[in-house]
Amino acid sequence: AENITVALAGNPNCGKTTMFNAITGAHQRVGNYPGITVERKEGSYRHNGKEVHLIDIPGTYSLTAYSLEEVVAREVLVDEKVDVVVDIIDATALERSLYLAVQFMELGIPLVLALNMMDEVKKKGIRINSKSLGELLQVPVVETVARKGDGKEDIVREAVAVARKSGHEWKPLEISYGPDIDPILAGMTHMIEAANFMTERYPARWIALKYLEGDEKIMAAGRQTGSISRKLEEMVITVEELCQKNFNSYPEAIIADHRYGFINSVLRQPNVLVTASHERFD
Ligand code: GDP
Ligand code: MG
């Protein structure tokens, strides 16, 4: 049987390490990424005769290279042939937590969402319809309480099921970034595709978005890769000027706003999320 590599991801303090320990038990190794002090934990477990390799990637809020953790997180995803990401979500803070999930979806990496801290969710009187959420996002969603090990079998089962599916079922999510950004984003994406510019590593639209978000790491790699990097950087300046003129803002801020807009449009669908305060008016 072929092996499966699963990355456990999530915001800091979402319960990632607790879940990692619950799943792998004593079968784990702790080290550092080469040359840096970011901790690296790996472990393994067996599921239906398959060896599943689990990597605990650094806790992050984003996948843009603003911090060492973010750079490490995405390098692991792309360089280590991760078959599926399990994103541990603090379900008491769904909107904020889904921001990272959306970025995995934009990267087009197979994904399972684990709604963790479900004990706290219940205590707070929040009701989450995880089935509806999963259908709307088109991602398997499981409910967990890492502290008790609840749901760890569901994570394992869904991760293996997702890893078995063929790649074409995981088309990168494409959010609209509004009339100022979308046309230039489409133009940049087209150029990147035509030149096969770093597309062996990332989806073309994702690369374009990283340019617009001012991701220095991707731009540095781009300058090494081909001359279209300069043209892309010029297009970014055009977008920056537009955003400045029309919103007195920056492309990365507008991109973040639209990601939250997408998340809220999902969470506002009927029956997805009912908070205690809303319930009084029902
Ligand atoms: P990490 O930063 O994502 O690795 O988070 P940790 O695994 O260190 O957990 C952060 C805190 O949340 C710890 O105090 C955990 O005991 C707690 N925690 C983790 N999972 C749960 C859960 O499902 N319910 C509750 N109530 N607490 C949890
Ligand atoms: Mg941790």
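Residues numbered from 1 in each chain as written. Chains lettered and ligands numbered in written order. Predicted model: local features only at pLDDT ≥ 70, side-chain atom pairs only at ≥ 80, totals over all residues. Heavy atoms only, no water.

### Focus on the environment of V85
Next up, step 1: Of note, V85 is situated in strand β5 (residues 84-90).
Next up, step 2: Using a relative accessible area of 0% as the deciding quantity, one classes V85 as buried.
Next up, step 3: Apart from the residues within four sequence positions on either side, V85 is in contact with A7, A9, L77, F104, I109, P110, L111 and V112. (Helix = DSSP H or I, 4+ residues; strand = E, 2+ residues; numbered from the N terminus. Buried < 20%, exposed > 50% of the residue type's maximum accessible area, 1.4 Å probe, protein only. Contact = heavy atoms within 4.5 Å.)

### Some words on the pairing of strand β3 (residues 39-47)
Next up, step 1: In the sheet, strand β2 (residues 28-32) pairs with β3 via 5 bridges, with the strands oriented antiparallel. In the strand pairing of β3, G31 is matched with R40.
Next up, step 2: Count of turn residues in the β2/β3 antiparallel hairpin: 6 residues, of which G35 carries a positive phi of about 80°.
Next up, step 3: Where β3 lies against strand β4 (residues 50-56), 7 bridges are found, and the strand directions are antiparallel. Directly across from G43, in β4, lies its bridge partner L54.
Next up, step 4: Linking β3 to β4, which pair antiparallel, is a turn of 2 residues; within it N48 sits at a positive phi near 45°. (Pairing = 2+ DSSP bridges.)

### A closer look at helix α7 (residues 182-194)
Next up, step 1: A rise of 1.5 Å per residue sets the reference length of α7, with its 13 residues, at 18 Å; its end C-alpha atoms lie 18 Å apart and thus fit the reference within 8%.
Next up, step 2: Residues of α7 that are buried: I184, L185, M188, T189 and I192. The buried residues of α7 occupy an angular sector of 140° when the element is viewed end-on, so they sit on one face. For α7, the exposed residues lying more than 90 degrees away from the buried face are P183, H190 and A194.
Next up, step 3: Against α8 (204-212) and α10 (228-247) lie the buried residues of α7.
Next up, step 4: Residue N196 follows α7 closely and has a positive phi angle near 50°. (Expected span 1.5 Å × (residues − 1). Arc of directions from axis to C-beta.)

### Quick look at the site of ligand 1
Next up, step 1: Taken together, 15 residues surround ligand 1, and among them N13, K16, T17, T18 and D119 come closest.
Next up, step 2: The separation between an oxygen atom of ligand 1 and a polar side-chain atom of N116 is 3.1 Å.
Next up, step 3: A146 is positioned such that a nitrogen or oxygen atom in its backbone is 3.0 Å from an oxygen atom of ligand 1.
Next up, step 4: Protein burial of ligand 1: of its 580 Å² of free accessible surface, 76% is covered by the chains.
Next up, step 5: At the level of secondary structure, the elements contributing two or more residues to the shell around ligand 1 comprise α1 (16-24) and α4 (118-123). (Near = heavy atom within 4 Å. Polar contact = N/O pair within 3.5 Å; in protein donor to acceptor, adjacent residues only side chain to side chain. Areas by Shrake-Rupley, 256 points an atom, 1.4 Å probe, with all protein chains shown as cover.)

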